[in-house]
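Listed below are the residues making up each chain.
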Amino acid sequence: MTERVFDASLYRYDRVEPSYWEATAERPTVPSLVQDEAADVAVIGGGYTGLSTALHLARDHGIEAVVLDAGVPAWGASGRNGGLVCIPPAKASIPEMVRRWGRDETAAFYRWAIAGCDLARTLPADEGFDVCAQGDGNLEVADHPSRLAGLVEEAGHLTALTGVPTRILDRAAFAEVGHGGTEQFGGVHVGVGFALHPMAYALGLLGAARRRGVRVYAHSPVVRWDRDGSDHRLVAANGASVRARRVVVAANGWTPDGLHRGLDARVLPAISNILVTRPLGDAELAAESWNTETAIVNARTLLFYYRLLPDRRLLFGARGDTAGTTAAADRMQAWMHRRLGELFPSWAGIEVDYRWRGLVAMTRKRAPSIGAVNDDPSVHYAFGYHAAGVAAAPMAGKTVADAIALGSAAAPVPAVLRGLPARFPMAAMRRLALAGAYLWYGTRDRLQELRHTGAD
Ligand SMILES: Cc1cc2nc3c(=O)[nH]c(=O)nc-3n(C[C@H](O)[C@H](O)[C@H](O)COP(=O)(O)OP(=O)(O)OC[C@H]3O[C@@H](n4cnc5c(N)ncnc54)[C@H](O)[C@@H]3O)c2cc1C
């Protein structure tokens, strides 16, 4: 097992990533699996997907689950992300989805994704925990004049398909509700979603699941998967095991090849990086016309995402490198720091107090996948949120739980989500495929800018 795509430094399950979220959350003690146990359902991965699956199984259906994580719960992307509750969890555009799955199924997928945004509000309220909600909807900014038309077109598709309100903002209007800076040429306000403390969401799910009797184990990586008749036996590194009728694989960007043959080479993990600055003062915010707690993404394919945190630090995120070494991360994060100063010149060189990285999961389907393995229907999966899993992954957990408890006829899943993505043909070359994709998208963005300049 455990064929990894990146450098070993990304798979240090023995320690937590030194993020702002770790520094501002209180982790409960979570034991390791030390003896053999049994449950109806065993879940591999203790992030949003796994914790939400287990919570919904126990709370809504009275089905007992055990969750195993290789690190601590929320060790992965669920404890490291930007906290943007947003849609869509896909790289395919609405016209592309309509071509592939039809208009009704595309609309069903979007309704599902929007329900994930709603869940991020209702679940904490129902379960009595706080996720430090901020902002109202999401802002998309044209970082170059050539990109406003594309944003406007996408907003038109979204509103026509879903009824989600979108508001087109010219440069002056964007500065009023968003920010100024050198790479702001108007944008769109999308009236769905908000921003939250991602670790608080994950730990809230953990607490709610444990209150319902879910057993969650940390530092219990599944290293062997045996079959015993119709039962599965998941064996952790220390030899202790969980026997279960069904297994849910909820490892997303950290899914190791060799875990289950049906899932091998389906995921293209990609690194995402985040910097968090020191708190900004009123005058500093005013210098960049910063007026919002709503999260912002720019319109490049290889985008920046950023938001002002409750203590007025700027969180600034971008894609990562393709090697995964700490030296490559240092270089990438230095580049981000420089670019932050280019976007917001009065903050050039600002102190960065936290910086970290994590893995997201891309797939050849360019949309998430939820279901059961064809020739092994007691093995369930949910993954491939394309860097937008804060709303989608807990929703996917609920969807998996309903499918397990009620069956696919009573709990139908939108066609966009059904079925596994194609495998990457040369699994060992995935880092190269990623490098190629970055080169292609970067060049395409640059050409768009040049064409626009030429047309002026
Ligand atoms: C830096 C960064 C920024 C992001 N920003 C945003 C954002 O702002 N908005 C948004 O919507 N999405 C964002 N995302 C994506 C989002 O965080 C993920 O889509 C989501 O957290 C996925 O949740 P998950 O539970 O499926 O996977 P994860 O949270 O990654 O959990 C997978 C778990 O599986 C465990 N695991 C792996 N192998 C094994 C094994 N063999 N045995 C046991 N356990 C195992 C890992 O330890 C890990 O804890 C971001 C991601 C990153 C990395």
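My aim in this report is to walk through the structure given alongside it, one point at a time. The model shown is predicted, which means the values in this text are computed figures rather than measured ones.

Right, let's get into the packing of helix α2 (residues 48–61) against helix α10 (residues 389–406). Running from N to C, α2 and α10 point in directions that differ by 40°, and their axes come no closer than 7 Å. In terms of their interaxial angle, α2 and α10 are classed as oblique. For the pair α2 and α10, the crossing hand works out as right-handed. Along its contact with α2, which presents Y48, T49, S52, T53, H56, L57 and H61, the element α10 presents G389, V390, A393, P394, G397, K398, V400, A401, D402, I404, A405 and L406. Split into classes, the residues belonging to the contact of α2 with α10 amount to 10 nonpolar, seven polar and two charged.

Here we come to the site of the ligand. Close to the ligand lie 38 residues; T49, D69, S78, L84 and V390 are nearest. Within the backbone of Y48, a nitrogen or oxygen atom sits 3.0 Å from an oxygen atom of the ligand. Between the ligand and the protein, one listed contact pairs an oxygen atom with a backbone N or O atom of G76 at 3.3 Å. Coverage of the ligand by the protein chains reaches 98% of its 1,000 Å² of free accessible surface. Broken down by secondary-structure element, the contributors of at least two residues to the shell around the ligand are α2, β12 (268–277), β16 (352–362) and α10. Residues that form the shell around the ligand fall into these classes: 23 nonpolar, 13 polar and two charged.

Let us now look at unusual backbone geometry. Excluding glycine, residues mostly have negative phi values, and the peptide bonds linking residues are mostly trans. The residue after I87, namely P88, is reached through a cis peptide bond having omega -5°. Tracing the chain through its elements places P88 in the loop between β3 (84–85) and α3 (94–101). With a phi angle near 65°, A265 is a residue other than glycine that sits in the positive phi range. In this structure, A265 sits in the loop between β11 (241–249) and β12. For A265, a relative accessible area of 7% corresponds to the buried category. Unlike most non-glycine residues, H386 shows phi in positive territory, near 50°. In this fold, H386 is placed in the loop between β18 (376–383) and α10.

Between helix α4 (residues 103–127) and α10, whose axes approach to 8 Å, the crossing angle comes to 100°. As the angle between them shows, α4 and α10 are arranged roughly perpendicular. Contacts from W112, A113, A115, G116, C117 and L119 of α4 reach α10 at A391, A392, P394, M395, A396, K398 and T399. A per-class count over the contact of α4 with α10 returns 10 nonpolar, two polar and one charged.

Here is what the cut-offs are and how they apply
- Residues numbered from 1 in each chain as written.
- Predicted model: local features only at pLDDT ≥ 70, side-chain atom pairs only at ≥ 80, totals over all residues.
- Heavy atoms only, no water.
- Axes fitted to C-alpha atoms, helices over the stretch in contact; angles between N-to-C directions.
- Helix = DSSP H or I, 4+ residues; strand = E, 2+ residues; numbered from the N terminus.
- Parallel < 35°, antiparallel > 145°, perpendicular 65-115°, else oblique.
- Left-handed = near helix turned anticlockwise from the far one by under 90°.
- Contact = heavy atoms within 4.5 Å.
- Nonpolar A, V, L, I, M, F, W, Y, C, P; charged D, E, K, R; others polar.
- Near = heavy atom within 4 Å.
- Polar contact = N/O pair within 3.5 Å; in protein donor to acceptor, adjacent residues only side chain to side chain.
- Areas by Shrake-Rupley, 256 points an atom, 1.4 Å probe, with all protein chains shown as cover.
- Buried < 20%, exposed > 50% of the residue type's maximum accessible area, 1.4 Å probe, protein only.

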